[in-house]
Amino acid sequence: MSDSLLEFRKVSVDYAGRGGTVSAVTDVSLTLIEGETFGLVGESGCGKTTLSMALMGLLPDIASVRGRILFNGSDLTTMTESQLRELRGDRISMVFQDPATSLDPTFGIGSQVADTIRAHGDVSRKQAKDRALGLLAEVGIPAAAERYADPPHRLSGGMRQRVVLAAAIANNPALLLADEPTTALDVTIQAQILDLLADLQRRHGTTILLIAHDLGVVAQICDRVGVMYAGQLVEVAPVAELFARPRHPYTRALFDALPSGSHQAGALRVIAGQVPDLAHAPTGCRFKDRCPSRLAECDETPPLAMSDSGASIACWLDPATRAAGGLGPLAIAGESNG
Amino acid sequence: MTTIERASTARPQWRTRFGGREGLIGWTILAVLILIAILAPVLAPHSSEAIDSTRIFAKPDLSHPFGSDDLGRDVFSRVLYAYRASLSIAIGSVLLAMIVGVPIGVFAGYVGGWADLVLMRAVDLLLAFPALLLAISLIAILGPGNAVALLAIAIIYVPIIARVVRSSVLVVRGQPYVLGARTRGASHWAIVRGHVLPNSAGPVLVQASVLMAFAIVIEAALSFLGLGSQPPTPELGLMLAEGNNYLTTAPWVEIFPGLAIAVTVLAFNLIGDGLRRSFDPHGVTR
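For every chain, the first residue of the written sequence is number 1, and numbering continues from 1 along that sequence. By the order in which they are written, chains take letters starting at A while ligands take numbers starting at 1. Per-residue local features of the predicted model are confined to residues with pLDDT of at least 70, and side-chain atom pairs are confined, for both listing and counting, to 80 or more; whole-chain, interface and lining totals are unaffected and use all residues. Only heavy atoms go into the side-chain values, all of them from the structure, while hydrogens and water stay out.

(A) Spotlight on the side chain of Ser209 of chain B. Residues and elements named next belong to chain B. With respect to the secondary-structure elements, Ser209 resides in helix α10 (residues 188–224). Classification of residues uses two cut-offs on accessible area relative to the type maximum, computed with a 1.4 Å probe and protein chains only: under 20% is buried, over 50% is exposed, and between them is partly exposed. Residue classification places Ser209 among the buried positions, given a relative accessible area of 4%. If near-sequence neighbours (up to four positions away) are discounted, Ser209 is found in contact with Phe268, Ile271 and Gly272. Every helix listed is a DSSP run of H or I at least four residues long, and every strand listed is a run of E at least two residues long, numbered separately from the N terminus. Contacts between residues were defined by any pair of non-hydrogen atoms, one from each residue, lying within 4.5 Å.

(B) Geometry of the sheet that holds strand β4 (residues 63–71) of chain A. All names here are of chain A. By the convention used here, strands pair only if DSSP detects at least 2 bridges between them. Taken in spatial order, the four strands line up as β2-β1-β4-β5 in an open sheet, and their pairing is antiparallel. The open sheet has two edge strands, β2 (20–33) and β5 (74–75), and neither has a second partner. With 10 bridges connecting them, strand β1 (residues 4–17) and β2 associate as antiparallel partners. Each bridged residue has a counterpart across the sheet, and for Val13 the counterpart in β2 is Val25. Helix-sheet contacts for helix α1 (residues 48–56) involve β1, β2 and β4, and the interaxial angle to β1 is about 110°. To get an axis, a line is fitted to the C-alpha atoms, and for a helix only the part in contact is used. The angle between two axes follows their N-to-C directions and goes from 0 to 180 degrees.

(C) Spotlight on the interface of chain A and chain B. The interface is formed by 25 residues belonging to chain A together with 19 residues belonging to chain B. Two parts lose some accessible area (1.4 Å probe) when they are put together, and adding that loss for both gives the buried area. Around 1900 Å² of area is buried between chain A and chain B when both sides are counted, 59% of it from carbon and sulfur atoms. The term salt bridge refers to a pairing of a side-chain nitrogen on Lys or Arg with a carboxyl oxygen on Asp or Glu at a separation within 4 Å. Our enumeration of links across chain A and chain B arrives at one salt bridge. Polar contact is the term for a pair of N or O atoms within 3.5 Å; when the atoms are in protein, one must be able to donate a hydrogen and the other to accept it, and sequence-neighboring residues count only if both atoms are side-chain atoms. Applying the counting criterion to the chain A and chain B interface returns nine residue pairs in polar contact (both at pLDDT 80 or more). Those elements that provide at least two residues to the side of chain A that touches chain B are α1, α2 (81–87), β6 (92–95) and α3 (109–119) of chain A. Three categories are distinguished: nonpolar for Ala, Val, Leu, Ile, Met, Phe, Trp, Tyr, Cys and Pro, charged for Asp, Glu, Lys and Arg, and polar for the others, with Gly belonging to the last. Residue composition of the side of chain A that touches chain B, by class: 11 nonpolar, nine polar and five charged.

(D) Geometry of the pairing of strand β7 (residues 175–179) of chain A. Residue and element names in this part refer to chain A. Counting buried residues along β7, five of its five residues qualify, which places the element largely inside the surrounding structure. Of the two faces of β7, the one holding Leu175, Leu177 and Asp179 and the one holding Leu176 and Ala178 are both buried throughout. Judged from the four bridges that link them, β6 and β7 form a sheet pairing that is parallel. Residue pairing across strands places Ser93 opposite Leu176, the latter belonging to β7. Here β7 runs beside strand β8 (residues 207–212); their pairing, made up of five bridges, is parallel. Bridging across to β8, Asp179 finds its partner in Ile211.

(E) Geometry of the packing of helix α3 (residues 20–38) of chain B against helix α5 (residues 75–111) of chain B. Residues and elements named next belong to chain B. Two elements in contact, α3 and α5, have axes separated by 7 Å at closest approach and are oriented at 120°. Viewed along their axes, α3 and α5 adopt a mutual orientation that is oblique. Seen from above, α3 lies across α5 with left-handed handedness. Two secondary-structure elements touch here, α3 through Leu30, Leu33, Ile34, Ile36, Ala37 and Ile38 and α5 through Leu80, Tyr83, Arg84, Leu87 and Ile91. Along the lines of polarity and charge, the residues of the contact of α3 with α5 split into 10 nonpolar, no polar and one charged. Note on terminology: angles under 35 degrees are roughly parallel, angles over 145 are roughly antiparallel, angles of 65 to 115 are roughly perpendicular, and the others are oblique. Each helix crossing is assigned a hand: it is left-handed if the near helix lies turned anticlockwise from the far helix by less than a right angle, otherwise right-handed if that turn is clockwise.

So, in structure tokens, the structure goes:
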């Protein structure tokens, strides 16, 4: 088995607000293997971005993190700010959703790539510029030398995201965190950026944690996928397995809700009910109130357990989960409806 | 849209930097005025302080284009010299206020929380005083003079500058590119220097140019009250105060220093307008 690069061990993030504590992420355990592209999907507010910010150590002061986040074996949650700063942009880097605002409007695009290089190494201005030019060319900016001094607003959205990617890979990071990198782009540009990500991954062997809410994006470049719901990780599976046999009721509901060509024109299928209010999160499985096959056990939190197929599911319907939770096999699937 | 328009017209870089035609006119006037102030001894046809009993209230003529005042002094020469005091107080007071106010605003805005609360309450306290009252009480303590007037105006301006800086820093701090810079490993200091200051400079520079124009007026008011420059030093506000007594008999003693103030204020305002345009990166107001 390959080496693990990043490991979340029972990570929880709470936000202390005036209306009480909001548990944005609850007991997430997840391991990323070196060189893989891992997709994290889930709807807005399910904790994907909070998890990534916890990883970067950039959560706001009101947030508190429990559990351990191990990067190459060292715990990121106990590192000092200056230790984290050395990692950020060097070993771990990040790409954001909106390329329109993730570059400083006052400076040329090239110098922003060069700044990242200079922040992490004793490099002269000239050397940094040369390397930045190389990176811009690598991510597909045409006539990089002429565009080097252009401010971001002279570039299209897709070009800007390429620049952001150039800055992100500038120091050849081990881990690239991409937080919905294609959401703000139109579909053709989206495909180009995904191709570029996959290409950079192949060439540099970078491990990518891709956060998305679009299953299509995940299918295109990910090796494994994690599905989050209301702050909990409910399913982790190889991408082919997930698309062929989604196990968790939430994952299945997500696939059912995908509009497809075979549907007749009419209402889109939706998941009944609403995401629970995380300030008053229900105990046990958080999907239970919307779940079509709720059991009595669902008031207990189901553990995420690996089954034979290589997929891990946190649901009491799953035999592996039941075994891990110390329960006997389910007599008749879906017998009780809460 | 903007990109195409900007690329095709190929506006010269220097002209955009100075804020288009208006800004350019403003900077030109200011440059001329500063030159006048520096070169006053060379340019002035007569002494600024020499009293001539034969020319009391003499009308403007070719050798004395602005006429003479109640002591027969040449108004033109006095106006040229007066720019020295007026401009140095206007520019100096704003620079001093920025040296103090910008760090306060950046710190309060970027750090936020308690630091922001404490600093801004202190600033509000200062802001609550009527400007002229503050200046007058300071002069009452330290005595009148150009340096004291400069200090007094600077103190009036510190809270204004700090507030403007803080509000633009608050906006910039929340921008994704600041978070982006942090994910690329930039320290807080590097972010303040490299992203926060450059991106929040626009509003405060515009404000500074307007405040310089105001400083001329405040300074003139202080001198008018006898609290700024002391006679016989030529100073625009002071000359206005003196000329006031002879407005009906010898209007030139009043009018020319007044025009000199107006031209200066106009220059600063034009610069302010130009700066506002050039700091708008997307050229919306262009």
